[in-house]
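Observations on the model geometry
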Amino acid sequence: MTNSQEQLFNPGDYFTYVLDQEIRNAGMPGGYCGFALQLAQTPDLSDLQKRLDLLVERFPQSSAVIQPSGKRFAWVATGDPIPLELHQCQPGADEVEESQRLLLDIFNRPESRPLTVHWIAGAEGGTLLLIWLHPLLDARGCKILLDFLSSERPESFKESSSLIEAKLAQWSFWKKLQLFFKAKRHNTAANSLDSCLPTQIEQGPQRLHLKIQRFDADQSQRIAKLAQQATGLTGRTLYYLGCFMRAMELVGPPAAKDGYCIPYAFNLRRQNAPTPVFGNHIGCLFARATREQVRDRTGLFAHLVSEHKQVVRDELDLAYLPLMWLGQWLSPDKYAKVLRKQHSGGELSSLWFSDIGELSWRKQGFLGVPVTDLSLMCWMSLPPGLALLACQLDGKLVLSYSYLSPAIDESWLDAVIARMNVELLDSP
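Residues numbered from 1 in each chain as written. Predicted model: local features only at pLDDT ≥ 70, side-chain atom pairs only at ≥ 80, totals over all residues. Heavy atoms only, no water.

Under an unreviewed UniProt entry, the chain has the name Condensation domain-containing protein and belongs to Methylomonas defluvii.

As structure tokens, this is what we get:
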């Protein structure tokens, strides 16, 4: 792609762009996500800058801008470089607190570029922070981008076409139509449960805050064992979701309604696949439960597993792809109502959730430097004003809670997190 060329959004790009517009319309910076690696030492920053220059050369979309193209939208390459932005913790300050303060100051600032990269220097090591616009990348794509930045073979990373469009191309017209009606019925059912919300505030200036819960190796193994008992070999994500539903219910949701609906993503990209670097290749699933179901721990997990099995059996996960394709032709405000609002007019989602899965830089580190910790963050719409991002670093569970302040009451969230920890670690 040359600088004069444009690349039309794929259905996943537009899906996340619409949510980006919802966040901007509420007065926040947009649908940005952050990925912060804590490094034991300072990497070779000049080498990192050279690799960022190579990124723009190899993948011009990394510094492209979004522009209308007829009734659709497209990435238009600018050729602008991506500078490595340098920040320094104040000497004498608590380095953990100072690093997070700088990280959040950076993340809360208005931003127009699709990707920025920052080094927050501490006394020895520091924090490498990537901030990207969600239509550009998903979280698994960010891991691939980090691998590109530190790879000895950057030429092995190649761009490819949209995986959503490739999947749609495999199906006949009648297959797409069948899936479309399946998804429409499933979406109608999802809209039937008015979701409890973590806040009653729906407008006003907000600042994003972050709380991190880290579990050691023994705790993480215990949580994995309990998840397997409750939700089966492949149900760890459902275990996190069910535990959070219970935590929110037991503490008491500020806006108590019929139950909980938590959308969560599945990724069309093969695990650890090297391509594509950019583009969103996701579908959406739902975890839903009434308040009565949530109060019965054993029954809740049985319900979530049963619901998930039905989704897989009836291809309801893939059924949303034709809907995403059709959504490209809706204006952002009309599409946003489909994605966010129930038939009652309330918010569909009790919170935003993503489970990135297992991450590791154990063998070579990042640019040869050991990765000691990480944290994740994202902007989200208001309501719900709360996002839970889960991952495992070298087998250790990390939960990152992004929340909007003052919309989310911090003391309430602290109580929910404490209850969440009990739910994760205690067997019934």
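With 14 residues, helix α2 (residues 45-58) extends 20 Å between its outermost C-alpha atoms, agreeing within 8% with the 20 Å of an ideal straight helix rising 1.5 Å per residue. Looking at α2, one finds that the buried residues are L48, R51, L52, L55 and V56. The arc that holds every buried residue of α2, seen down its axis, measures 145°, which confines them to one face. Facing away from the buried side of α2, by more than 90 degrees, are the exposed residues K50 and E57. In this structure, the buried side of α2 is in contact with β5 (84-88), β6 (115-121), β7 (126-133) and α4 (139-150). (Helix = DSSP H or I, 4+ residues; strand = E, 2+ residues; numbered from the N terminus. Expected span 1.5 Å × (residues − 1). Buried < 20%, exposed > 50% of the residue type's maximum accessible area, 1.4 Å probe, protein only. Arc of directions from axis to C-beta. Contact = heavy atoms within 4.5 Å.)

A word on the environment of V18. With respect to the element layout, V18 can be found in helix α1 (residues 11-25). For the pair V18 and R295, spaced 277 residues apart in sequence, the C-alpha separation works out to 34 Å. Leave out the neighbours within four places in its chain, and V18 touches P332, Y335, A336 and L339.

Our focus in this paragraph is a nonpolar patch on the surface. Together, W325, L326 and W329 make up a nonpolar patch on the protein surface, roughly 330 Å² of accessible area in all. Considering the arrangement of structural elements, one finds L326 in helix α11 (residues 316-327). (Patch = residues over 30% accessible without salt bridge, like charges linked within 9 Å, V, L, I, M, F, W, Y side chains within 5 Å. Areas by Shrake-Rupley, 256 points an atom, 1.4 Å probe, with all protein chains shown as cover. Salt bridge = Lys/Arg side-chain N within 4 Å of Asp/Glu carboxyl O.)

Right, let's get into the sheet that holds strand β3 (residues 65-69). Pairing is antiparallel across the open sheet formed by 3 strands, whose spatial order is β1-β4-β3. Across the chains shown, the open sheet's two edge strands, defined by having one partner strand only, are β1 (6-8) and β3. Taken over all neighbouring pairs, the strand axes of this sheet differ in orientation by 40° on average, direction set aside. As paired strands, β3 and strand β4 (residues 72-76) are joined by 5 bridges and run antiparallel to one another. Considered in β4, the bridge of S69 is made with R72. (Pairing = 2+ DSSP bridges. Axes fitted to C-alpha atoms, helices over the stretch in contact; angles between N-to-C directions.)

Okay, the sheet that holds β5 next. In space, the 5 strands of this open sheet follow the order β5-β6-β7-β2-β12, with mixed pairing throughout. The open sheet is flanked by β5 and β12 (371-378), the only strands paired with a single partner. Neighbouring strand axes in the sheet, compared pairwise and without regard to direction, differ in orientation by 20° on average. Note: β5 against β6, 5 bridges, orientation parallel. Residue pairing across strands places L86 opposite W119, the latter belonging to β6. Contacts from α2 reach β5, β6 and β7, with the element oriented near 150° to β5.

For β7, a buried count of 8 out of 8 residues is recorded, marking the element as mostly surrounded by other parts of the structure. Strand direction decides the pairing type here: strand β2 (residues 32-39) and β7, joined by 8 bridges, are antiparallel. Residue pairing in the sheet places C33 in a bridge with W132 of β7. Sheet topology places β6 next to β7; 7 bridges connect them, and they run antiparallel. Residue pairing in the sheet places A121 in a bridge with G126 of β7. In this antiparallel pair of consecutive strands, β6 and β7, the connection spans 4 residues.

Here we take up the packing of α1 against helix α12 (residues 332-340). Two numbers describe how α1 lies on α12: the axes approach to 9 Å, and their chain directions differ by 95°. It follows that α1 is roughly perpendicular to α12 by the angle criterion. From α1, Y14, F15, Y17, V18, L19 and E22 reach across to α12, where they touch P332, Y335, A336, L339 and R340. Split into classes, the residues belonging to the contact of α1 with α12 amount to 9 nonpolar, no polar and 2 charged. (Parallel < 35°, antiparallel > 145°, perpendicular 65-115°, else oblique. Nonpolar A, V, L, I, M, F, W, Y, C, P; charged D, E, K, R; others polar.)

Tallying each qualifying case throughout the model produces 18 aromatic pairs. Measuring from ring centre to ring centre gives 5.9 Å for F107 and W379, while their planes differ by 10°; the resulting arrangement is stacked. Taken together, the residues span a long stretch of sequence, with F107 in helix α3 (residues 95-108) and W379 in the loop between β12 and β13 (386-393) at a distance of 272 residues. In this pair, the class of F107 matches that of W379, namely buried. A network of ring pairs unites the aromatic residues F9, Y14, Y17, F73, W75 and Y335 as a single cluster. If you follow R51 out to its NZ or CZ, it ends over the ring of F148, 5.8 Å from the centre. When the ring centre of W361 is taken as reference, the NZ or CZ atom of K143 above it lies at 4.9 Å. (Phe/Tyr/Trp six-rings, centres within 6.5 Å; stacked < 30°, edge-to-face > 60°. Lys NZ or Arg CZ within 6 Å of the ring centre and 35° of its normal.)

A few words now on the pattern of salt bridges. Here the structure, examined in full by the defined rule, presents 24 salt bridges. Note that D105 and R101 form a salt bridge whose closest N and O atoms lie 2.9 Å from each other. Pair noted here: D105 and R101 are both in helix α3, with a separation of 4 residues, about one helical turn. One salt bridge connects R297 with E423, and the closest N-O pair in it is separated by 2.8 Å. Separated by 126 residues along the polypeptide, R297 in helix α10 (residues 297-313) and E423 in helix α13 (residues 410-425) bring together distant segments of the chain. Each member of the pair R297 and E423 is classed as buried.

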